[in-house]
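If you want the building blocks of each chain, they are given just below.
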Amino acid sequence: TWAWLLLAFVALILPLVLFSAWSYRRSLESDRDRSLVEAVQLSQTAAAVVQGLLRGLDGTTLAMSGALGAQVGVLNDATVRPYLASVGPRYPFVRNIFLMDPAGLAVAATLDESLGRDFGDRPYTRALLSGEELVLSDLLQSALTGEPTIVMARTVRSPDGALRGMLAVVFYPARLAEILPQSLPDDAVLSLFDQQGRLIYSSARPDLPWEQREHSTLPEVQAALAGQTIMARRGVLAVDGPDRIGAVAPVPESGWAVGVSRSAATVERPLQTLYRQQMLALGVVAASSFVVALILSRVLSSPLVRLATHARAFGRGEVGTLAPVAGPVEVQTLAEALTTMAAEVQTRFAEREAAQRRLLFLGEASTVLAATLDYQTTLAQVARLTVPELGDWCTVHMAEDGGQVTRTALAAVNQEQEALLQQLRRRYPFDPRGPHPVARVLRTGEPLFFPEVSDALFAGFAQDEEQARTLATLIASYMVVPLIARGQTLGVIAIAWSRPGRRYGLADLALAQELARRAALAVDTARLYAQARDALRDRESALAARDQFLSVASHELRTPLTALKSYMELARNRLRRGAAPEELDQLLAWGDVQAERLNELVSALLDVSRIATGRLELETEPVAIAPLVQRVVEMERAADPGRAIYCSLPTARPVLDADAGRLEQVLVNLLENARKYSPPNRPVEVCLSATDDTVAIAVRDHGIGIPLDDQERLFERFYRAGNIDKGVSGLGLGLHVANEIVRAHGGTLAVASTPGCGSVFTISLPRPSNAMAASRDERVAD
């Protein structure tokens, strides 16, 4: 009957309508989620770009301030402007660069309008004068044009730390569009906020008046400035107006925030149009089907009932394969179409979820890579991110200087696999020139991809059967991708599935390569930053050492020269008065002492110069050590008759191949230091001992001793312990020269000391072979 036919028709069409509505709802939510993920990625990308800009500008201003601070002469427009003008073109968004004197008056600038202006009342100037070294201002009104502007300012100090001026770099928000991401949807709005929540830049309103830039009360901006990435899911993003969805992300280190939003209507419009078209098509099909059903109801009733049942299940999300339907060709074709549609929907859902996971993974990886400038920490975090998202275990290998390869990071899904990987590394040393896939990728810079591995792969690089068996338990699917930056292969990332049921596809390889590309850029950036930091630190240390040496050397050299000049003047005056020869002899003897002291200082400086250039030469010959020690002790006793100096010598008379003059210089230095830094009534002890392999000479005093922290640096050039009385003269060279002489003989010079109890310096020198030593001992004894 018509009623039953109508009922059957409604039963067939209604599930399709419900499924379409359900699909529309799901697709609408999916589009919104995708837009939110894209907004998060775009906002984080823009935040990373802004962070990179500010880091680069920070590094540039640091280098400029160092160069200006070290510049000799007056800092004015004539001497500074060419340098400022050479830096400006590297940053097209920079409007002006100017240098202020310590009072805030502009003395040099790339814009003539800034010269002579007083910027002392600007917030960044006050902050620098109050002790800050670097200031990134909030959004300000330009002192020249009144336009919104941002200023990065830094102090300029001379090498001794005195304030010579202040450097300011001015850029306008409107020019930021040239560096922010350009690949945005047409309806997208990108906004940048300062630390106070003021709108620095908006792609929709670049010329927004100053009074409309205050957005600090908006909840999304407040959360982003507090360090959170906020997504607006319900169709409202108040920062860009009503009915917008998007995200606001923080900019690390600067305290800024970046927002990206889209119109909710624009996001939903394509799907709404498609839904209306589907409803229209469904209506047409329904009307046509009803007419045909009236004619063919008896033939099609049974198959159509089955199709309607399947369609209702499909509408509920129960996607399955439709059993074969007996009936006309048209009915069978419709059944096949429903089955194909179910399979397509399943595939689309799986692809969408996989793409979302990849985007979220790369977004998280980008955040981790941008969080630190320590590349070893970065690579360890990358390895942990990779497991278990991309594999059951991951290793990161870095190429070092000299062709060595170091495994920098390791992560695994369980401790058993991590222990196996550690065991393989210890038992089988890595050969950078071998056939191992990691070595091949390091040499070629091309990725290796093994979706399915076989025993032949392990046999190609395993060193024995046990290693091959262990690798077979660890690797079921394997890929190795290079870390390449600026055309140079820095290292590789190796990732593997251990479970036999998992295998890699080309999409996984592409994801691993993109991760490796971002990690390589982060590592290269971290290394460049470390090199620049170390170079600056070395330069500062060298300047400090030079100044300290010049100060000490000038004082030490001037003292004997002044005394020598005084003795000569006194001798001249007495000679004019007809003084006796005995008086003149005494004055000349005192002058000889000062001249000898001056000669010792010059000799020490020459020895340091020879050591620094590798020209310290030894004239070795067989030397009987005991007589040499005895001779030096007698010399020191004669130089200080009131001092008790004890000497202990062995019965055997060891002989060494040595430079007797240089060894005597070492012993004299140690004994003079012992006398200099101990009370006159305390003895100095010298002990010579010998074994079959070594000759040792120990010099002990009972003086002030050396603090533990100073003992590690005691043999450095120009270094003196912190507990030495300032009135005791010395360049800090004697122990350095002595240590280098002992090292040139193949020996060591060691110190053991307790503050307040004295010190023991021990010289250890290697002896020739026993037979040769006995022969030489006999010859010297004869």
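First, a word on what this report is: a plain description of the structure on this page. Residue numbering note: each chain is counted from 1, following its sequence as written. Confidence filtering applies because this is a predicted model: local features only for residues at pLDDT of at least 70, side-chain atom pairs given and counted only at 80 or more, and all residues used for totals across whole chains, interfaces and linings. Hydrogens and water molecules were not included; the side-chain quantities draw on all heavy atoms of the structure.

1. Looking at the sheet that holds strand E11 (residues 256–263)
- Strand pairing requires that DSSP identify at least two bridges connecting the strands. Numbering of helices and strands runs from the N terminus; a helix is a DSSP stretch of H or I covering at least four residues, while a strand is a stretch of E covering at least two. The sheet built from 5 strands is open, its strands ordered E8-E7-E11-E10-E9 with antiparallel pairing. Of all the strands in the sheet, the pair left with one neighbour each is strand E8 (199–202) and strand E9 (230–232). Ignoring strand direction, the axes of neighbouring strands in this sheet form an average angle of 15°.
- Across 8 bridges, strand E10 (residues 244–251) lies against E11 in antiparallel orientation. Counted as the bridge partner of Pro 250 is Ala 257 from E11. In this description, a line fitted to the C-alpha atoms serves as the axis of each element, helices being fitted only across the stretch in contact, and the angle between N-to-C directions of two axes falls anywhere from 0 to 180 degrees.

2. Details of the environment of Val 258
- Its place among the elements puts Val 258 in strand E11.
- Each residue's exposure class comes from its accessible area (1.4 Å probe, protein chains only) as a fraction of the maximum for that residue type: buried when under 20%, exposed when over 50%, partly exposed otherwise. Residue Val 258 is classed as buried on the basis of its relative accessible area of 1%.
- Along the sequence, Val 258 and Leu 192 sit 66 residues apart, while their C-alpha atoms lie 4.6 Å from each other.
- The contact criterion used is simple: two residues touch if any of their non-hydrogen atoms lie within 4.5 Å. Setting aside anything within four residues of it in sequence, one finds Val 258 in contact with Ser 43, Ala 46, Ala 47, Val 50, Leu 190, Ser 191, Leu 192, Ala 247, Val 248, Ala 249 and Val 251.

3. Re the pairing of strand E6 (residues 163–171)
- With 7 of 9 residues buried, E6 lies mostly within the body of the structure.
- Two strands pair when backbone bridges link them, and strand E1 (residues 94–100) and E6 are joined in this way by 6 bridges, in the antiparallel orientation. Following the sheet pairing, Leu 99 is matched in E6 by Leu 167.
- Relative to E6, strand E5 (residues 148–157) runs antiparallel, the two being bridged by 8 bridges. Residue pairing for E6: Arg 157 is matched across the bridge by Leu 163.
- Taking the residues between adjacent antiparallel strands as the criterion, E5 and E6 are bridged by 5 residues, where Gly 161 takes a positive phi near 95°.

4. Overview of the packing of aromatic side chains
- Any pair of Phe, Tyr and Trp rings, taking the six-membered ring for Trp, is counted once the centres come within 6.5 Å. Such a pair is stacked with planes under 30 degrees apart, edge-to-face with planes over 60 apart, and tilted for the rest. Here the structure, examined in full by the defined rule, presents 7 aromatic pairs.
- For the ring pair Trp 393 and Tyr 478, a centre distance of 6.2 Å and an interplane angle of 40° mean the geometry is tilted. Of this pair, Trp 393 sits in strand E12 (residues 393–399) while Tyr 478 sits in strand E15 (residues 477–485); the two residues are 85 residues apart in sequence, bridging distant segments of the chain.
- With relative accessibility at 5%, the residue Trp 393 sits in the buried group.
- Taken together, the aromatic side chains of Tyr 91, Phe 93 and Phe 171 make up a single cluster linked through ring pairs.
- Arg 502 extends its terminal NZ or CZ atom over the ring of Trp 497, reaching a point 3.9 Å from the ring centre. By the criterion adopted, a ring carries a charge over it if an Arg CZ or a Lys NZ lies within 6 Å of its centre and within 35 degrees of its normal.

5. Let's talk about empty space enclosed by the protein
- Here a cavity denotes grid points, spaced 1 Å and computed from the protein atoms alone, that fit a 1.4 Å probe unable to get out, and a pocket denotes an open set having protein on both sides within 12 Å along at least 5 of 7 lines; residues with an atom within 4 Å of a point are the lining. Grid points are joined across faces, edges and corners, and a volume is the space filled by probe spheres set on the points. Scanning the model with the defined rule gives 4 cavities of 30 Å³ or more in all.
- Estimates place the volume of the largest cavity at around 120 Å³.
- Lining the largest cavity we find 15 residues, and of these Phe 98, Phe 119, Ser 142, Ala 143 and Val 170 sit closest to its centre.
- Sorting the residues of the lining of the largest cavity by element identifies E1 and E5 as the ones contributing at least two each.
- If one sorts the elements of the lining of the largest cavity by residue count, E1 sits on top with 3 residues.
- In the lining of the largest cavity, the residues fall into 9 nonpolar, 4 polar and 2 charged. The residue classification treats Ala, Val, Leu, Ile, Met, Phe, Trp, Tyr, Cys and Pro as nonpolar and Asp, Glu, Lys and Arg as charged. All others, Gly included, are polar.

6. A word on the sheet that holds strand E16 (residues 488–497)
- One open sheet accounts for 5 strands, arranged E13-E12-E16-E15-E14; its pairing is antiparallel. The open sheet terminates on both sides in strands that have one partner only, identified here as strand E13 (405–412) and strand E14 (448–450). If you compare each strand with its neighbour and ignore which way they point, the axes differ by 15° on average.
- Examined bridge by bridge, E12 and E13 share 7 bridges and lie antiparallel to one another. Counted as the bridge partner of Met 398 is Thr 406 from E13.
- Across the sheet, helix H7 (residues 375–389) lies against E12, E13, E15 and E16, angled at about 40° from E13, the strand it touches most.

7. Describing helix H9 (residues 437–444)
- When we look at burial in H9, the residues that qualify are Pro 437, Val 438, Ala 439, Val 441 and Leu 442.
- For H9, the elements touching its buried residues are E12, E13, E14, helix H10 (455–461), E15 and E16.
- Just downstream of H9 lies Gly 445, where phi reads positive at about 75°.

8. Regarding the packing of helix H8 (residues 415–427) against helix H11 (residues 465–474)
- Between H8 and H11, the least distance of the axes is 11 Å, while the angle of their chain directions is 150°. Taken as axis vectors, H8 and H11 run roughly antiparallel relative to one another. Crossing of H8 against H11: the hand is left-handed. Contact residues: H8 offers Gln 417, Leu 420, Leu 421, Leu 424 and Arg 427, while H11 offers Glu 466, Gln 467, Thr 470, Leu 471, Thr 473 and Leu 474.
- Tallied by class, residues from the contact of H8 with H11 come to 5 nonpolar, 4 polar and 2 charged. Comment on the angle field: the value is read as roughly parallel under 35 degrees, roughly antiparallel over 145, roughly perpendicular from 65 to 115, and oblique elsewhere. Should the near helix be turned anticlockwise from the far one by less than a right angle, the crossing is termed left-handed; should it be turned clockwise, right-handed.

9. As for the side chain of Asn 669
- By the element assignment, Asn 669 lies in helix H15 (residues 660–676).
- Under the relative-accessibility criterion, Asn 669 is labelled buried at 17%.
- Not counting residues within four places of it along the chain, the set of residues in contact with Asn 669 comprises Gly 734, Leu 735 and Ala 738.

10. Things to note about the side chain of Arg 407
- Along the chain, the position of Arg 407 falls in strand E13.
- Within this scheme the basic residues Lys and Arg register as positive and the acidic residues Asp and Glu register as negative, but His and the chain ends are omitted. One speaks of a salt bridge when a side-chain nitrogen belonging to Lys or Arg is within 4 Å of a carboxyl oxygen belonging to Asp or Glu. One buried charged residue, Arg 407, forms no salt bridge at all, with the nearest opposite charge on Glu 418 at 8.0 Å.
- At 3.4 Å, the side chain of Arg 407 forms a polar contact with the backbone oxygen of Leu 421.
- Among the polar contacts listed, one links the side chain of Arg 407 to the side chain of Gln 422, at a separation of 2.9 Å.
- What Arg 407 contacts, discounting residues up to four positions off in sequence, is Thr 395, Val 396, His 397, Leu 421, Gln 422 and Arg 425. N or O atoms within 3.5 Å of each other form a polar contact, as long as, within protein, one can give a hydrogen and the other can take it, and as long as residues adjacent in sequence are counted only when both atoms are side-chain atoms.

No statement about biological role is implied by the geometric values presented.
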